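# What the coordinates show
One letter stands for each residue in the lines below.
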Amino acid sequence: MGPMSSLHCLDVTNRFTSTDSAADSFVRNKRRSRKNHPRVDSSADKSPSMQPSKEITEIARRLLSSNSSLTQRGYALRGFEQILLDAREDKILLQKLQISPVEARTMLLVPSQLLNDVHMAIIHYSKIDSFIEIDVPVNNQHDTAGNKSMGNDESMNAIKKKVPGPMVCALLLELIGIPQYYSHISTRNDSPPIMTVHSSQIDKMIECSLLTTAALSNTCRVGRNSLIGYDFNSQNINYTRAATKTAAALAEEIWRSVSNMQILYTSGNRNSDICDELVLPRVPIRIGRIGFIGEQYNPLMEYLVALREVGEEEYADEDFVNEQDTVSDVDDFDYSGDTSVVPSTSLDGNNVPWSPKDQRRYDQTLMMFNSVLDAYAKLGSSASGTRPEIRREMVMNCERLLLEVVAREKTKPSPETILQHVQPDGISFNTVMKAWAGMSPKQRVDSKDEYAKKISSATAERTEGILEMMHEYYEKERAQLDTFESIQASWRERGGSSNALGELVAAPHGIPVTPNTASYNIALNAWSKISDPDSAIKALDLFKRMVHRCNTACIAREAMIADNAEVAHGRNPRVFNALPDSRTFTALLSALSHTSSTFNEACDLVLSIFVVMKEWDDQLEWCSQNKIGPPYIFRDSNRVLNEFTYNALIRTLSRLPAINSWEEHYECCNQIDNIIEEMSQSVSPNAITRGFGINAWAACAMQAQDDESRVICAEKASIHMNELLSGSKFETEKSVMINAINDVITLYGKASQPMKAVEVFEAAKEKQLYNLQSLASIVDSLAKNSYMDISYADKAKQYLLEFEKDKMRMSPSLVFPDMKYTRMYNSVISGYLSCNKKDKGLAHAQTLLSYMIESHESNPRHIARPNTTSFVPVMSSLAYSDSPQVLEKLLSKMESLYQRRNSIQPHSPDAKLVANVEPNTTACNALLKAYARLGNRQSALQLLGRMEKDVNLSSARPDVHTHAIMSTLFSDESSGNTSSSDSLLGGQEVSSDFLNVDGINLKDLNLNGQDLKPTAKSFESMMNRTVEGAEKATELLRQLETMNASGEISFKRERLLHNYNNIINAWCECEKNGDNSTSASEKAESILSYLFEHETLSPNNASFGFCIKAWCKSNRPDAAERAEQILRRKELFAKEHSNVYIAASDYNQIIAKWRDDQVNGPDRARKLFKEMDQNYGNTAEVKSRPNIVTFNSLLDVLAKSKSRDLAEECEELLQQRDELFKEGKSSILPDIISYRSCIDAWIRQWQKDSPQRVEALVKDMIKKYSVEGRTDLRPDADLFNLVLKACAHATVTWHEDIEKEANDTPISIANRTFALLKGKNNFNAKPTHATYAFMFVAYKFHLNFDNSRYTPLLLMLWKQCCNDGVVSQFALESFRDCVLDYQFWKAIGGKERYAALGTMEPKMIKVEDLPQEWKRNVKPPRRRGKGAK
């Protein structure tokens, strides 16, 4: 991903209109005309919002009492059926509305008073988010006529229940049949039914529905008064077991009821609402980049005027009069003052003229639709806290609803059917996009959840898909318009009034569906949530498309044709705007923080976007100076470069450097400082900006390798801190300032500048800009630098005790001990233990620990409460003192505090006050070290037994360090004295009658008495790795066996045999570690022989196996022969003892051992394999049969033989075993290790045809993997590297005359394999450091130095190796040996760059000297099994 040079073509100078236009004059004339046409005075009718709340509450109580859905076993339609029947039969109402009884039978008709009351109540309750207490009938009964009969005691017929305000609105809405009446009639029809509503009632019904859906949508938000999860099914209010319903589902039902209504008009005239034509002045206008067209003649305005002259009717310019404000209930009637004219029939829809009322009804229904979408979007947001599957369902419902409306059949609307032709607008599409974008939460940068990444990527792709759908929908809509309709559409895009262009000759339209800035910002935000590197690429592509569409659309050509004053001054919120703003760049920068590009490429890309933002603002400033475009565009709030974009830019830059790269962090921090300095010239940096700068230098300090670099970081960060402290403009950002101070203190501490940290802390105290974290930072900084001087630890202790004094003095009864206090005490203890005066520091640490213990025991509320970490460092340091008695006391104190903690109930008030102290393995190991230092084996064994069994030491079970200490203790000849006064026995003397092994009193270990005795692990810990430990363990076990035989102790026979096997294994480990002081294998075999001669014990499989293993680990020349002799002994012993059998591992080890004898080894390995195959190939004991490890061991011996002509035999054996397995004659199926052994054999031959044979084997593996489904043979990068290794080790061919078209040469095979790794393959194999290393060697040996391609090829390979980040020491040395010195210096950056490091010769260059970016993907080598065990 390179710098985004294509963005610089973004042009804004063609986007704006002239300062005066034809529409400006029209608006001024319209405002003057309003003075001559005042609105109807409706002050006599009190507005619903002005009604007293008490009166509305009474009206609502009365209305809800008649809602049958609140009764037991009731449903909403029951009560409404009677209301509807009464209204249809009300002759007065029908006569007043001029409706015939036949028409009334199919209409949705409600009494006027009921509609007014419901309308008034919904206006009131739709503004209430909290719960409201209402009366719910419990015993109401209905007679056959539907009349309600109540008991005498009203209190017995109703109970108080709390329901949210939007639910009250829904209950009130049910009284006028919405939505249950539509749901009822829709069950009878396959297609959506149509409900006919009279024009005098439609507006209040729409407004009630709109207010209710908006209130329901508000309940889906997160925060205070959120009702997510609330059941909005009215049938469940009275505990009726019905299906639950979300607020969004209820809002959708309400919208469907309204959107399928048809309006019935019974008036003869709607002239009062039609606007008269206006005279538009002819003024010069500027179209696009062309300039002004004429001074007196405007062809566009001439065209518009000519169109209006053709009209057949003229309408007066009169302000819109709300239908509900007129005196008549049928405010569509206009009898022109003649009361005798009373229309008796409905008008034909084609003859009903259009009115601004239709536009208002259309807009309200569209707002209702958007409210439903918004409700689903809120429920589908990750912030809602619902389960992922529920969120996905809500978002799918949101998109389903949008697509359903978009896919409606397009027919010509009429005023009666206008509600059925509502189409989505840009807000609708943006809401669905926001729903998809918000479904998945923002991922952490280091997130490892691959499933979450896939879900987030899918939601972002769907968000962008809807954006593209908007473009397609917009283009399709505009393509269907004629010239005049296109002009009207452009006018409406700009937010202009439709009447400005004359009579409405078509149905009202919403704002055209055009992707605006918010649309793109939503899609960019969706991509910015994903931590996948591909998201950065897709976000950048989306931004480039946005810029391209802005330049191609040339909005000015439409904006400058027709505009008005409201648009020009920014007072119309419906202005079309698809230009990037500050939020666009913020989202884009956030997405780029996840880029997978190299640091230099990513940094150049981010800085190029910064240049684009500056150029954008420069163009805006130029337009403002030249008065081109509407003034609202040039406000400071519309500038792209503001504090938010600057902060986003700095935050993105700070995330670009790779881990463990000081150079990248340092360069990034300098860039950030330059940006902040440039920012201060135009936009004042805020506290967050300075905080980002300090955080960047703090991250840089973490990668510094020396104190000098850390000092630089601290000084740079302090500059930003001083800017925060110097000015008064940051006083409101106190928390940010304190955090900055804490970071600088920490930086000075890491830079070994504790006194400067003290200066910063003292300055912060003077300005009252410090908190507990500030104290923790200064204490930690001083304690960590106490290695220079103990006075720093004293200073830290002083600060801590001063804080303790103030804390305990102010409110001792309200203080609770907390870990944040304990950590500071522990930090001071750690400082004393690491100071330059060890003895004095240890004494001070002991004193502070004792002070913490005493303070806690005297006052449990004291903040100096110790924990386990308080004890362990002190005990670890005391392990090297003179006496272990202090350690014993500390361990005893830990046990008592632990017992006290366990004695308190977890949920009791005192549980928060007890010390979190528990003896752990580290503390006990410290005491064991003290015993081991004095040679006190008796006490060490007793403590070891307690560590294994004591419940008070449940967290102190022995680990590898414990066994290492015990092994050292019993391996040291000088540690034979036992000082019982140092032991836990309290000075008990040792009787001479007891058996002792170098002073160990076995009877005092309570081996045969109490439960707290050392187990077998206690003795196993003495058998680790050293000859002395194994010998001592053997001696001790012999004495234990004697005591067991005499009855003094009781040991099971199996346990004794297990311990003898462990001793054999200990000798085996000695052989493995290369201890040549004695023959460990001979010792192991002697134990085996002892077991042969034992009266009660006999060797088992483990005894023979460990002994064979010991000889196989030995370096003696006759080791393989001796191991085979043990195998023969085992075969004879197995014939007489059924519990012993020959295992495949016995043969496997010996066959693999013959690899050391490169002369006779292959013959002996073949013989053993053949013998095993004949004797045990078909045995019933599966463990005895030869297995794949046996076969691989044989191949390994042959491949590594001194004879280099066995590769052919290896391959023949491989093919033979493969055929036998297919025929069912063998259970051995060659695996990937088998193939690798054959490949290794061919590589060791160093022949010209070795690469061909290796490539053929790899192709065979690929065929088995792809065709036969052998997943265990899936090739990887290491396997392909073996092909390259064969090419590199093949016979040199650079001096031979080889045809260029030959495909079997080492160079051709190497190039073919390298191309496979670099391209896309089915194995997900990528080049590694070994790939490039072998390619360098292959070119060196098989390409002539005089060839003109030699040097360019090697340099190109080296550059790709650096770009892939796989430069290792192996690759570096291989490249260095292939090129000349000056070429090598140039490739790694120049000789001068490394002269400062003291490396003047190429061979002195190590991979550690190269940039971290070049070696970022080098993985440590993996150990692979060779097939032998």
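Look up: the structure comes first, before these words.
Residues numbered from 1 in each chain as written. Predicted model: local features only at pLDDT ≥ 70, side-chain atom pairs only at ≥ 80, totals over all residues. Heavy atoms only, no water.

### Thoughts on the pattern of salt bridges
Enumeration over the complete set of coordinates arrives at 56 salt bridges. Residue Lys1153 is joined to Asp1156 by a salt bridge in which the shortest nitrogen-to-oxygen separation is 2.8 Å. We classify Lys1153 as buried; its relative accessible area is 10%. Several salt bridges share partner residues, and in doing so they unite Glu1082, Glu1085, Arg1116, Asp1118, Arg1122 and Arg1129 into one network. (Salt bridge = Lys/Arg side-chain N within 4 Å of Asp/Glu carboxyl O. Buried < 20%, exposed > 50% of the residue type's maximum accessible area, 1.4 Å probe, protein only.)

### Details of the packing of aromatic side chains
Going through the model one piece at a time under the given rule, you end up with 25 aromatic pairs. Judged by centre distance (5.5 Å) and plane angle (45°), the ring pair of Tyr1060 and Tyr1090 falls under tilted. Residue Tyr1060 is located in helix 40 (residues 1053-1072), and its partner Tyr1090 is located in helix 41 (residues 1080-1093); the two are separated by 30 residues in the primary sequence. Residue classification places Tyr1060 among the buried residues on the basis of a relative accessible area of 0%. Plain terms: the ring middles of Phe1336 and Phe1375 are 5.3 Å apart, the flat faces sit at 55° to each other, and that makes the pair tilted. Taken together, the residues Phe1336 in helix 52 (residues 1329-1342) and Phe1375 in helix 54 (residues 1369-1376) connect sequence positions 39 residues apart. Residue classification places Phe1336 among the buried positions, given a relative accessible area of 0%. (Phe/Tyr/Trp six-rings, centres within 6.5 Å; stacked < 30°, edge-to-face > 60°. Helix = DSSP H or I, 4+ residues; strand = E, 2+ residues; numbered from the N terminus.)

### Things to note about the nonpolar core
Leu172, Met261 and Ile778 are the most contacted members of the largest nonpolar core, which has 227 residues in total. When residues in this core are grouped by element, the largest group, 12 residues, is from helix 22 (residues 599-625). What Leu172 contacts, discounting residues up to four positions off in sequence, is Leu63, Leu64, Val118, Ala121, Ile122 and Tyr125. With 119 residues, the next largest nonpolar core counts Ile1064, Trp1067, Leu1198 and Val1379 among its residues. (Core = buried A, V, L, I, M, F, W, Y, C linked by side-chain atoms within 4.5 Å. Contact = heavy atoms within 4.5 Å.)

### Side note on unusual backbone geometry
When glycine is set aside, most residues are seen to have a negative phi, and most peptide bonds are trans. With an omega dihedral of 0°, the bond running from Ile178 to Pro179 counts as a cis peptide bond. In this structure, Pro179 sits in the loop between helix 7 (165-174) and helix 8 (180-186). Positive phi values are uncommon outside glycine, yet Ser752 reaches one of about 60°. Among the secondary structure elements, Ser752 is positioned in the loop between helix 27 (734-750) and helix 28 (754-766). Phi angles above zero are rare outside glycine, and Gln768 is one such case at about 55°. As for its placement among the helices and strands, Gln768 is situated in the loop between helix 28 and helix 29 (772-784).

### Observations concerning the packing of helix 47 (residues 1207-1222) against helix 48 (residues 1232-1243)
Taken N-terminus to C-terminus, the directions of helix 47 and helix 48 make an angle of 160°; their axes are 8 Å apart at the nearest point. Considered as vectors, helix 47 and helix 48 are oriented roughly antiparallel to each other. Crossing handedness for the pair helix 47 and helix 48: left-handed. Of the residues in helix 48, those in contact with Ala1207, Glu1208, Cys1210, Glu1211 and Leu1214 of helix 47 are Ser1234, Tyr1235, Cys1238, Ala1241 and Trp1242. Residue composition of the contact of helix 47 with helix 48, grouped by class: seven nonpolar, one polar and two charged. (Axes fitted to C-alpha atoms, helices over the stretch in contact; angles between N-to-C directions. Parallel < 35°, antiparallel > 145°, perpendicular 65-115°, else oblique. Left-handed = near helix turned anticlockwise from the far one by under 90°. Nonpolar A, V, L, I, M, F, W, Y, C, P; charged D, E, K, R; others polar.)

### With respect to the environment of Gln1174
Relative to the elements of secondary structure, Gln1174 occurs in helix 45 (residues 1161-1176). Note: C-alpha distance between Gln1174 and Pro1186 (12 residues apart in sequence) is 9.7 Å.

### Observations regarding the packing of helix 44 (residues 1144-1153) against helix 46 (residues 1188-1199)
In contact at an axis separation of 8 Å, helix 44 and helix 46 are set at 5° when each is read in the N-to-C sense. Compared by their axis directions, helix 44 and helix 46 come out roughly parallel. For the pair helix 44 and helix 46, the contacting residues are Asn1148, Ile1151 and Ala1152 in the first and Val1189, Thr1190, Ser1193, Leu1194 and Val1197 in the second. Here the residues of the contact of helix 44 with helix 46 are counted per class, giving five nonpolar, three polar and no charged.

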